[in-house]
Amino acid sequence: MTPASLGNSSSISSAFLLSGIPGLEHMHIWISIPLCFMYLVSILGNCMILFIIKTEPSLHEPMYLFLSMLALTDLGLSLCTLPTVLGIFWIGVREIGHDACFAQLFFIHCFSFLESSVLLSMAFDRFVAICLPLHYASVLTNTAIGRIGLASLGRSVALIFPLPFMLKRFPYCGPSVLSHSYCLHQEVMKLACADIQANSIYGMFVIVSTVGVDSLLILFSYALILRTVMSIASRAERLKALNTCVSHICAVLLFYTPMIGLSVIHRFGKQAPHLIQVVMGFVYLLAPPLMNPIVYSVKTKQIRDRVTRAIWQALLKCPVSKTFRSFQVDPSYGLLGTIYFQDILHFVYVFACFKIQIYSWNKRNFFIIQHDCLNGFTAELAVREGNSNSMYKLNSSEIEITTFFLIGIPGLEHMHVWISIPICLMYLMAILGNCTILVVIKTEPSLHAPMYYFLSMLAVSDLGLSLSSLPTMLRIFLFNITSISLNARFAQEFFIHGFTGMESSVLLLMSFDRFLIIHDPLRYNAILTSTRVAKMGLVFLIKSVLLVLPFPLTLRRLTYCRKRLLSHSYCLHQDVMKLACSDNTINFFYGFFVALCMMSDSVFIAVSYVFILKTVMGIGSHKERLKALNTCVSHICAVLIFYVPIIALASMHRFGKHKSLMAMIITADIFLLVPPLMNPIVYCVKTKQIREKILRKLGVK
């Protein structure tokens, strides 16, 4: 089609044009790299889940049969969009025929609603397993599960089947440009130059009868599950019962949150930025198929064990193993007898999954293998010339430790190099995003105002927070270097806590800025002069440094002689002090005092918003009230992004006696990665002045 035909509203278009990311067409080839990686991980992950469940007779149970259904729908969802997404980002092919578009949207919506049905079936499975355990095997037989699956598939196909025919009867006579890299019903119908009321009503009916009903039934099932769990006397049994639902809850949130968000944007978000639609569209289709296999592999012990065993069996059956069944070693090296090749493969496997250190003590060599799993088990193998019975204990309380070990993701050490890719991307986006904010504010005289000065302070804090943890995170995930010296550990925790305290103070200053501009706008410029803003920033910087400065000093006086394994990929005060074998009461109370000081910032922020709401409610015009509140949205998002993970992490460290190590690691990574990553995005999307200046710098009109 020629541009003229595209612009002619009287011509009937025979094809649609898909969109990539507007304004970044020259970057599409680079954007395709993470997209291809995500598609590859989602396809391989779901295929692996299906293969493990099929080949393991012990997994032929209702829970895993439903999981295989979920994997099939995720696989179908990925394969539906793969051709058009790669066609756009790899070779720039945007055109898609009407029939191909209708076929694609049929399969996308069909698999989406099928996944909703499968999640409801899995909720029913959890309900029966917890509320009616004695009837579980008799209720969920293989025949019943097959019927549930067929009913779910039949419902999805029956509801979606009319959509392509309803769309096919419309003429499309304008510039038929879609806003995603794939076809959706709610988007295609808007391009028709005819009455689409029937499609709109039927589409709403389908959403309500599938996603709406399923989500309500899932909530109802969990209400019954919670009622049953709360009646269990033993706390350990209650936690055990709830723990079986964690994977399913994650899958539900991963599926429903972006789906509902995208539907709302399409139907009601007329003023929403186009970039939001594009991002939500990718999250909606990529996040569930990508994350579900990871969630179930990490959280479900049976799946995780089978995956590990399958990899190990593949190693044992390799051609090298068949060729070199064994080899001899001179007994003078301290190894007695013959070492079989399987033993060496086992040692290699142990080397990949454990931390191995070589020590020399009194001219005797020891191989010490320390297990990094949840139970803290330590296995030690000592081999010494001339005497194989001696053992040097790593956890001896007689020797003071000067080197500590950070941790990546336990059980996924072999995947660290792959996990490093999204981590590097997040760090890169966080650093580039905050640097962009700083450059734009510095070079644009119109942004030399108090609000943007405080925003630049927030960007500096986020930049410092990212750079403080970057070295150790990349050393662990890229090079598997986990050791860190005593002084480096103290320095890192000082900067992490210092920038964290600084960010909390900046958020308080920004709330004060919002309070002034809404409560007393006439005196705003007189109160918040450039000099006063600089003084406020300097005062809070000094406050953060003075509060955190005693941390390294109080930790240095402690003795560390037993445990040396930290529970994160970076150093935190509350994590380090627990490793000391001397009295750390002072550290505990001082750390609690610093945490209270930081929480006082959140209290003052809440108080400032109470006064802001009081002022806003006194405005007569509804439109003006919304306009005033809209200026606070970015700051509220920044406050929630910062305080929610930091409060959760602090609570886990201080009060979570039965905490999950995986949950603590994920929360800690969110605490350090999400605020620096999301704050620039939030302020670029929600703040018109920042967005316009950045687009102008990029040369986008």
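Reading the values: rules and limits
Residues numbered from 1 in each chain as written. Predicted model: local features only at pLDDT ≥ 70, side-chain atom pairs only at ≥ 80, totals over all residues. Heavy atoms only, no water. Helix = DSSP H or I, 4+ residues; strand = E, 2+ residues; numbered from the N terminus. Buried < 20%, exposed > 50% of the residue type's maximum accessible area, 1.4 Å probe, protein only. Contact = heavy atoms within 4.5 Å. Areas by Shrake-Rupley, 256 points an atom, 1.4 Å probe, with all protein chains shown as cover. Salt bridge = Lys/Arg side-chain N within 4 Å of Asp/Glu carboxyl O. pLDDT = per-residue confidence, 0-100. Phe/Tyr/Trp six-rings, centres within 6.5 Å; stacked < 30°, edge-to-face > 60°. Core = buried A, V, L, I, M, F, W, Y, C linked by side-chain atoms within 4.5 Å. Axes fitted to C-alpha atoms, helices over the stretch in contact; angles between N-to-C directions. Parallel < 35°, antiparallel > 145°, perpendicular 65-115°, else oblique. Left-handed = near helix turned anticlockwise from the far one by under 90°. Nonpolar A, V, L, I, M, F, W, Y, C, P; charged D, E, K, R; others polar.

*Asks:* Would you mind going over the overall build of the chain with me for this structure?
*Replies:* Scanning the chain from N- to C-terminus turns up 27 helices and nine strands. For the chain, the proportion of its 701 residues judged to be buried stands at 46%. Sequence-distant contacts in the chain: of pairs separated by 6 or more residues, those separated by 24 or more amount to 76%. Of the accessible surface of the chain, which amounts to about 34,800 Å², a share of 70% is contributed by carbon and sulfur atoms.

*Asks:* How should the pattern of salt bridges be read in this particular structure?
*Replies:* One pass over the full model with this rule turns up six salt bridges. The salt bridge partner of Asp99 is Lys168, with a shortest N-O separation of 2.6 Å. Highlighted residues: Asp99 in helix α4 (residues 98-131) and Lys168 in helix α7 (residues 162-168), separated in sequence by 69 residues. Among the residues examined, Lys168 registers a relative accessible area of 49% and is labelled partly exposed. We note a salt bridge from Asp601 to Lys543, for which the minimum N-O separation is 3.6 Å. Of the two residues, Asp601 sits in helix α23 (residues 585-617) while Lys543 sits in helix α20 (residues 530-548), which places them 58 residues apart along the sequence. What makes Lys543 partly exposed here is its relative accessible area of 27%.

*Asks:* So what exactly am I meant to see when it comes to the confidence of the model for the chain here?
*Replies:* Low-confidence regions, as indicated by low pLDDT, have predicted coordinates that should not be scrutinised in detail. With 82% of its residues at a pLDDT of at least 70, the chain reaches an overall mean of 78. Note on residues 1-10: pLDDT is under 50 here. Beyond four places in sequence and across chains, it has 12 contacts. Every residue in residues 318-398 is under pLDDT 50, and counting partners more than four places away or in other chains gives 124 contacts.

*Asks:* Can you help me understand the side chain of Asn46 in this one?
*Replies:* Here Asn46 shows up in helix α2 (residues 28-55). Exposure remark for Asn46: the relative accessible area of 2% places this residue in the buried category. Those residues in contact with Asn46 that sit more than four places away from it in its chain are Ala71, Asp74, Leu75, Pro289 and Pro293.

*Asks:* Just to check I follow, could you spell out the packing of aromatic side chains for this structure?
*Replies:* Note on aromatic pairs: each is described by the distance of the centres and the angle between the planes. Summed over all chains, the structure comprises 16 aromatic pairs. On the basis of an interplanar angle of 45 degrees and a centroid distance of 6.5 Å, the ring pair of Phe102 and Tyr172 is categorised as tilted. You can see Phe102 sitting in helix α4 and its partner Tyr172 sitting in the loop between α7 and α8 (185-188), a full 70 residues away along the chain. Take Phe102 and Tyr172: they sit in the same class, and that class is buried. On the numbers, 5.0 Å between centres and 80 degrees between planes, the contact of Phe642 with Tyr643 is edge-to-face. Across the pair, Tyr643 and Phe642 agree in class, each one buried. Members of the aromatic cluster, connected to one another through ring pairs, are Phe16, Phe102 and Tyr172.

*Asks:* It is not clear to me how the nonpolar core should be interpreted in this structure. Could you clarify?
*Replies:* Formed by 80 residues in total, the largest nonpolar core has its most connected members in Leu455, Leu507, Tyr560 and Ile690. Formed by 77 residues, the second largest nonpolar core is a distinct cluster that contains Ile21, Ile52, Ile96 and Leu167.

*Asks:* Explanation requested: the packing of α4 against helix α9 (residues 197-230) in the structure shown.
*Replies:* Describing two packed helices takes the angle between their axes plus the distance from one axis to the other. Taken N-terminus to C-terminus, the directions of α4 and α9 make an angle of 15 degrees; their axes are 9 Å apart at the nearest point. With respect to α9, the axis of α4 lies roughly parallel. Crossing geometry of α4 relative to α9 is assigned as left-handed. Of the residues assigned to the contact of α4 with α9, the class counts are 16 nonpolar, five polar and two charged.

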